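Close look at the chain arrangement
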Amino acid sequence: MSEIEEVRAAWGRIARWITANAPSTAQALRGPAMDEDIAGLRDALGFEVPDVLEALLRTNNGSGAKDTTQTLPNGRVVPVNHVDSVIFPFGKVLLGCEEIVEARAQMLDIAQDAEGYWEPHLIPVIWDFERAYYGYAVWMPPDLPDSVCCTMPR
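Residues numbered from 1 in each chain as written. Predicted model: local features only at pLDDT ≥ 70, side-chain atom pairs only at ≥ 80, totals over all residues. Heavy atoms only, no water.

1. Things to note about the side chain of Ser63
What counts is decided by this rule: The helix count covers DSSP runs of H or I at least four residues long, the strand count covers runs of E at least two residues long, and both are numbered beginning at the N terminus. Working definition: with a 1.4 Å probe on protein chains only, accessible area under 20% of the residue-type maximum means buried, over 50% means exposed, and in between means partly exposed. Contacts were defined at the residue level, with two residues in contact if any of their heavy atoms lie within 4.5 Å.
In this fold, Ser63 is placed in the loop between helix H4 (51–57) and strand S1 (68–71). Relative accessible area serves as the criterion here: at 1%, Ser63 is assigned to the buried category. Contacts of Ser63, omitting those with residues within four sequence positions, involve Ala28, Leu29, Ser85, Ile87, Val93 and Leu94.

2. Digging into helix H5 (residues 97–111)
Here is the rule we go by: By this rule, a helix spans an expected 1.5 Å times one less than how many residues it contains. Within this analysis, the arc is defined by the directions that extend from the helix axis to the C-beta atoms.
Counted at 1.5 Å a residue, the expected span for H5 with its 15 residues is 21 Å, and the 21 Å between its end C-alpha atoms agrees. Taken residue by residue, H5 has Cys97, Glu99, Ile100, Ala103, Arg104, Met107 and Ala111 as its buried positions. On an axial view of H5, the arc spanned by its buried residues comes to 155°, and they lie on one face.

3. A closer look at a negative patch on the surface
Heads up, the condition is: A residue counts toward a patch only above 30% relative accessible area and without a salt bridge, and it is joined to like-charged neighbours within 9 Å or, for Val, Leu, Ile, Met, Phe, Trp and Tyr, to nonpolar neighbours within 5 Å. To be clear on the numbers: accessible area is Shrake-Rupley with a 1.4 Å probe, and residue cover counts the displayed protein chains and nothing else. The salt bridge criterion pairs a side-chain nitrogen of Lys or Arg with a carboxyl oxygen of Asp or Glu, the two atoms within 4 Å. The charged-residue count follows a simple rule in which Lys and Arg add positive charge and Asp and Glu add negative charge, with His and chain termini not counted at all. The location of each charge is read from NZ of Lys, CZ of Arg, CG of Asp or CD of Glu.
A surface patch of like charges, here negative, comprises Glu3, Glu5, Glu6, Glu48 and Asp51. For the negative patch, the element with the highest residue contribution is helix H1 (residues 3–21), accounting for three residues. Within the secondary structure, Glu3 sits in helix H1. What makes Glu3 exposed here is its relative accessible area of 54%.

4. Overview of the pattern of salt bridges
This structure, assessed with the given rule, holds four salt bridges. Here Glu99 makes a salt bridge to Arg30, at a shortest N to O gap of 2.5 Å. In this pair, Glu99 sits in helix H5 while Arg30 sits in the loop between helix H2 (23–26) and helix H3 (35–45), placing the two residues 69 residues apart along the sequence. A relative accessible area of 15% means that Glu99 is categorised as buried. The salt bridge partner of Arg58 is Asp35, with a shortest N-O separation of 3.0 Å. Residue Arg58 is found in the loop between H4 and S1, and its partner Asp35 is found in helix H3; the two are separated by 23 residues along the sequence. Arg58 gets classed as partly exposed once you look at its relative accessible area, which sits at 31%. One network of salt bridges, in which partners are shared, links Asp35, Glu54 and Arg58.

Structure (structure tokens):
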């Protein structure tokens with residue numbers, strides 16, 4: 001079984017379990033990422049989306065289907081996560097294409113002042129509910145061709 005098939009099979013088991021045991025959380029799973037979503041992610045990353053991540057996103061483009069936004073008195077619009085967006089232990093949510101772009105940009109911005117904090121070849125995939133830190137990232141080694149993908153060492 002290829003890595004892509006393993007991702008699809010594993011995610012299928014997770015989605016079925018969530019549907020059977022936490023139906024309101026299952027409603028927070030977005031539909032699949034479309035070609036234009038993946039293209040936008042690829043353009044923002046500056047390299048190809050790893051095959052295993054693309055397979056996951058083409059199954060569910062994040063777990064924020066119930067999320068909303070709120071406008072603050074100063075006019076700033078901020079995201080408001082719905083509690084059902086949490087689909088992993090310890091309050092973790094699955095990022096979709098747009099959230100990956102946003103989270104990665106935020107991490108790279110922080111890294112300008114904190115060397116070693118975040119590297120351009122890292123792709124955040126899971127964040128905590130409060131968007132305070134990532135829980136997992138796909139690692140694209142800078143010295144390997146774009147077609148090769150590895151996950152972060154465990």
